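Spelled out from the first residue to the last, the chains are:
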Amino acid sequence: MTREAFEELVGEALDTVPPELTAHMRNVVIVVEDDAPEPGLLGLYQGVPLTERGDWYGGVLPDHISIYRNEILHICETEQDVIDEVRITVVHEIAHHFGIDDHRLHELGY
């Protein structure tokens, strides 16, 4: 799958996030990167979750969500698998932006 097609899938996954949630996303950027910093990592959230921001929060670089193309493509057998995994990964990393930890996400199926 080309990078452009993969980026389109990430955009489509973002479009499935309810507007009630995206309206609250602040100071966050989502990017596609080809290679993960470690094998098996599909996505990564780096930043300060909304639940931890206080009066001190200002003049801070945007939170950064990376979606790792090659890792996702490596674990998927079909195009539908890629579509599903991209959506799951995007939602998973956005949930971290809202302060939801991995343990709770796994309970929810993400």
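Structure: above.
Once a new chain begins, its residue numbering starts again from 1 and follows that chain's sequence as written. The model is predicted, so local features are restricted to residues of pLDDT at least 70 and side-chain atom pairs to those at 80 or more, both for listing and for counting; the totals for chains, interfaces and linings are taken over all residues. Side-chain numbers come from the whole structure's heavy atoms, not from hydrogens or water.

> I'm lost on the overall build of the protein in this one. Help?
Here a strand is any run of E in DSSP of at least two residues, a helix any run of H or I of at least four, and the numbering for each starts at the N terminus. On a plain count of helices and strands, the protein comes out with five helices and three strands. Going from N to C terminus, the protein has its helices and strands arranged as α-α-β-β-β-α-α-α. Relative to its length of 110 residues, the protein is compact, with a C-alpha radius of gyration of 14 Å against a globular reference of 13 Å. Taken along its principal axes, the extent of the C-alpha atoms in the protein is 45 × 25 × 25 Å. Throughout, exposure labels follow a simple rule: accessible area from a 1.4 Å probe, protein chains only, divided by the maximum for the residue type, with under 20% read as buried, over 50% as exposed, and the rest as partly exposed. Here the protein holds 110 residues, and 35% of them are scored as buried. Entry remark: accessible area of the protein is about 6600 Å², with carbon and sulfur atoms responsible for 52%. The size measure is the radius of gyration over C-alpha atoms, and the globule rule it meets is 2.2 Å times the number of residues to the 0.38 power. Only the protein chains shown count as cover for residues, with accessible areas throughout obtained via the Shrake-Rupley method and a probe of 1.4 Å.

> Explanation requested: the packing of aromatic side chains in the structure shown.
Remark: the centre distance and the inter-plane angle together describe each pair of aromatic rings, the angle taken between the planes. In this analysis, rings of Phe, Tyr and Trp, with Trp reduced to its six-membered ring, are considered paired at centre separations within 6.5 Å, and the interplanar angle assigns stacked below 30 degrees, edge-to-face beyond 60, and tilted for intermediate values. Under the definition given, this model contains one aromatic pair. For the ring pair Trp-56 and Tyr-57, a centre distance of 5.6 Å and an interplane angle of 75 degrees mean the geometry is edge-to-face.

> Looking at this structure, I do not really get the sheet that holds strand E3 (residues 63–68). What am I missing?
Two modes of strand pairing occur in sheets, parallel and antiparallel, and in both the strands are linked by backbone hydrogen bonds. Being paired, for any two strands, means DSSP has found at least two bridges between them. In space, the three strands of this open sheet follow the order E1-E3-E2, with mixed pairing throughout. With one partner strand each, in any of the chains shown, strand E1 (28–33) and strand E2 (43–46) form the two edges of the open sheet. Across the sheet, the mean angle from the axis of one strand to that of its neighbour is 15 degrees, orientation sign disregarded. Note that E2 and E3 share four bridges and pair antiparallel. Opposite Tyr-45, over in E3, you have Ile-65 as the bridge partner. Only C-alpha atoms enter the line fits that serve as axes; for helices the fit covers just the stretch in contact. Angles between N-to-C directions range over 0 to 180 degrees.

> What's the story with the pattern of salt bridges in this structure? I'm lost.
Side chains carrying opposite charge are able to pair once their charged atoms draw close together. A pairing counts as a salt bridge when a side-chain nitrogen of Lys or Arg comes within 4 Å of a carboxyl oxygen of Asp or Glu. Taken as a whole and judged by the stated rule, the model has five salt bridges. The shortest N-O distance in the salt bridge between Asp-34 and Arg-69 comes to 2.9 Å. Of the two residues, Asp-34 is situated in the loop between E1 and E2 and Arg-69 in helix H3 (residues 69–75); the sequence distance between them amounts to 35 residues. Accessibility expressed as a relative area gives 28% for Asp-34, which makes it partly exposed. Classification of Arg-69 by relative accessible area gives buried; the value is 13%.

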